[in-house]
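Take a look at the letters that make up each chain.
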Number of protein chains: 2
Amino acid sequence: MTASIQFWFEFASTYSYLSAMRIEDAAARHGVAVDWQPFLLGPIFAAQGWDNSPFNIYPAKGRYMWRDMERLCDARDLPFLRPDPFPQNGLMAARLALVAKQQGRIAPFVRAVYAAQFGRGLAISDAGVLSKCWLEAGLDATLMQGASTPETKAALHGQSENAQKLDLFGAPSFIAGDELFWGDDRLEQAIMHAASI
Amino acid sequence: MTASIQFWFEFASTYSYLSAMRIEDAAARHGVAVDWQPFLLGPIFAAQGWDNSPFNIYPAKGRYMWRDMERLCDARDLPFLRPDPFPQNGLMAARLALVAKQQGRIAPFVRAVYAAQFGRGLAISDAGVLSKCWLEAGLDATLMQGASTPETKAALHGQSENAQKLDLFGAPSFIAGDELFWGDDRLEQAIMHAASI
């Protein structure tokens with residue numbers, strides 16, 4: 001059995017961008033496969049009384065996050081541009097990610113969406129932006145309508161329910177075996193754990 | 001001029017324990033001096049509407065933190081025992097730390113307090129526990145009374161005011177030049193930045 005890791009990401013999450021851009025390479029170096037799991041943090045945040053990103057609710061934490069991201073993106077040669085407004089509405093992107101997953105193209109689609117949002121500051125609720133990302137990922141344009149089916153909507157609800165059952169509270173989160181790891185800073189540790197079991 | 005880094009720590013902070021136990025060695029390897037800065041997170045948390053540790057207010061985050069600490073302490077060969085109750089009241093310990101700083105003994109005293117609290121699960125509001133830490137750090141017992149003077153109380157208030165001016169929102173925090181770094185995960189980055197300016 002191939003070792004694998006679940007990568008739970010939310011499109012509005014800045015630190016998920018960092019992980020999305022490197023997880024396939026980092027995992028492959030240790031023979032670990034990546035299972036991409038889109039979900040929405042909104043319901044989890046709402047359950048604990050937040051109606052916005054904690055980076056907006058807690059301004060000092062927000063100011064720090066933007067500077068931290070700038071430094072990390074500089075060090076990794078990743079473009080970084082703050083989208084306005086933040087957080088972006090990632091609902092349609094998350095539904096599309098589930099369709100892309102069925103087509104075996106979730107990784108390139110998700111990377112294209114993050115690059116558009118945090119690399120170029122584009123609005124990922126915009127259908128035109130999402131179309132470009134879709135084509136960039138080598139997907140057939142006609143498949144995009146799959147994002148609006150009742151099945152896809154229900155599947156995304158299921159993702160967010162599973163996230164809550166897994167006790168996730170933020171993104172990115174990684175599951176390796178029975179262990180949960182939170183944050184881009186724990187990616188290596190999560191991969192090493194997946195490789196060891 | 002020697003490169004230096006400010007290390008802002010709160011005794012009740014689990015991740016500050018991780019940094020306190022390694023910062024002197026890690027900084028010395030890069031010729032960086034450490035300026036130990038005790039402060040209380042209580043006033044900062046209260047200002048954003050929290051009357052308890054975020055790890056108690058947000059249970060999923062709390063469950064994760066305890067497991068993350070276990071794993072990190074295992075990997076670093078650090079003993080780890082959860083104190084009860086959590087968070088501990090670190091007011092007297094923080095005042096004592098300021099007195100120990102005047103005596104040039106803050107680092108060994110702070111390490112002793114963290115080792116008692118998170119290595120052995122002891123109550124750091126207990127005067128007997130603090131006395132043992134004090135002697136362990138090579139300090140004269142008679143100097144302990146310095147923690148209760150109006151000057152020391154005012155100095156600790158000043159620390160927490162300065163922490164707010166520095167836009168700190170959690171612990172451990174590191175200041176190197178004009179840059180703020182938050183969390184034990186950023187210790188190396190903070191030291192490298194201090195060494196580079």
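Residues numbered from 1 in each chain as written. Chains lettered and ligands numbered in written order. Predicted model: local features only at pLDDT ≥ 70, side-chain atom pairs only at ≥ 80, totals over all residues. Heavy atoms only, no water.

Looking up chain A in an unreviewed UniProt entry gives the name 2-hydroxychromene-2-carboxylate isomerase, with the organism given as Falsiruegeria mediterranea M17. If you open the UniProt record of chain A and go to Sequence similarities (unreviewed entry), you find "Belongs to the GST superfamily. NadH family." (UniProt positions renumbered as here; feature names shortened; annotations may be inferred.)

A. Spotlight on the overall build of chain A. Each helix and strand in chain A was counted, giving 10 helices and 4 strands. Of the regular secondary structure in chain A, the N- to C-terminal order runs β-α-α-β-α-α-α-α-α-α-α-β-β-α. Overall size of chain A, expressed as C-alpha extent along the three principal axes, is 40 × 40 × 35 Å. With 197 residues in all, chain A has 51% of them scored as buried. The contacts of chain A with a sequence gap of at least 6 include a subset with a gap of at least 24, amounting to 72%. Here chain A has roughly 8,800 Å² of accessible surface; of this, 53% comes from carbon and sulfur atoms. Side chains of chain A give 17 positive and 21 negative charges; the mean places of these two sets differ by 3 Å. (Helix = DSSP H or I, 4+ residues; strand = E, 2+ residues; numbered from the N terminus. Buried < 20%, exposed > 50% of the residue type's maximum accessible area, 1.4 Å probe, protein only. Contact = heavy atoms within 4.5 Å. Areas by Shrake-Rupley, 256 points an atom, 1.4 Å probe, with all protein chains shown as cover. Lys, Arg positive; Asp, Glu negative; His and termini not counted. Charge placed at Lys NZ, Arg CZ, Asp CG, Glu CD.)

B. Region of the structure containing the interface of chain B and chain A. The interface is formed by 21 residues belonging to chain B together with 21 residues belonging to chain A. Contact between chain B and chain A buries roughly 2,100 Å² in total, counting both sides, with carbon and sulfur atoms accounting for 45%. Inspection of the region where chain B meets chain A yields 10 salt bridges. The residue Glu179 of chain B makes a salt bridge to Arg71 of chain A at a minimum N-O spacing of 2.5 Å. Along the contact surface separating chain B from chain A lie 17 residue pairs in polar contact (both at pLDDT 80 or more). Sorting the residues of the side of chain B that touches chain A by element identifies α5 (59-76) and β4 (179-182) of chain B as the ones contributing at least two each. Among the elements that make up the side of chain B that touches chain A, the one with the highest residue count is α5 of chain B (8 residues). Residues belonging to the side of chain B that touches chain A are distributed by class as follows: 10 nonpolar, 2 polar and 9 charged. (Buried area = accessible area lost by both parts, 1.4 Å probe. Salt bridge = Lys/Arg side-chain N within 4 Å of Asp/Glu carboxyl O. Polar contact = N/O pair within 3.5 Å; in protein donor to acceptor, adjacent residues only side chain to side chain. Nonpolar A, V, L, I, M, F, W, Y, C, P; charged D, E, K, R; others polar.)

C. Inspection of the UniProt feature "active site" (unreviewed entry) in chain A at higher detail. Residue and element names in this part refer to chain A. Sites flagged by UniProt as "active site" (unreviewed entry) map to Ser13. Looking at the secondary structure, you find Ser13 in the loop between β1 (3-9) and α1 (14-20). Apart from the residues within four sequence positions on either side, Ser13 is in contact with Tyr114, Phe118, Ala171 and Pro172.

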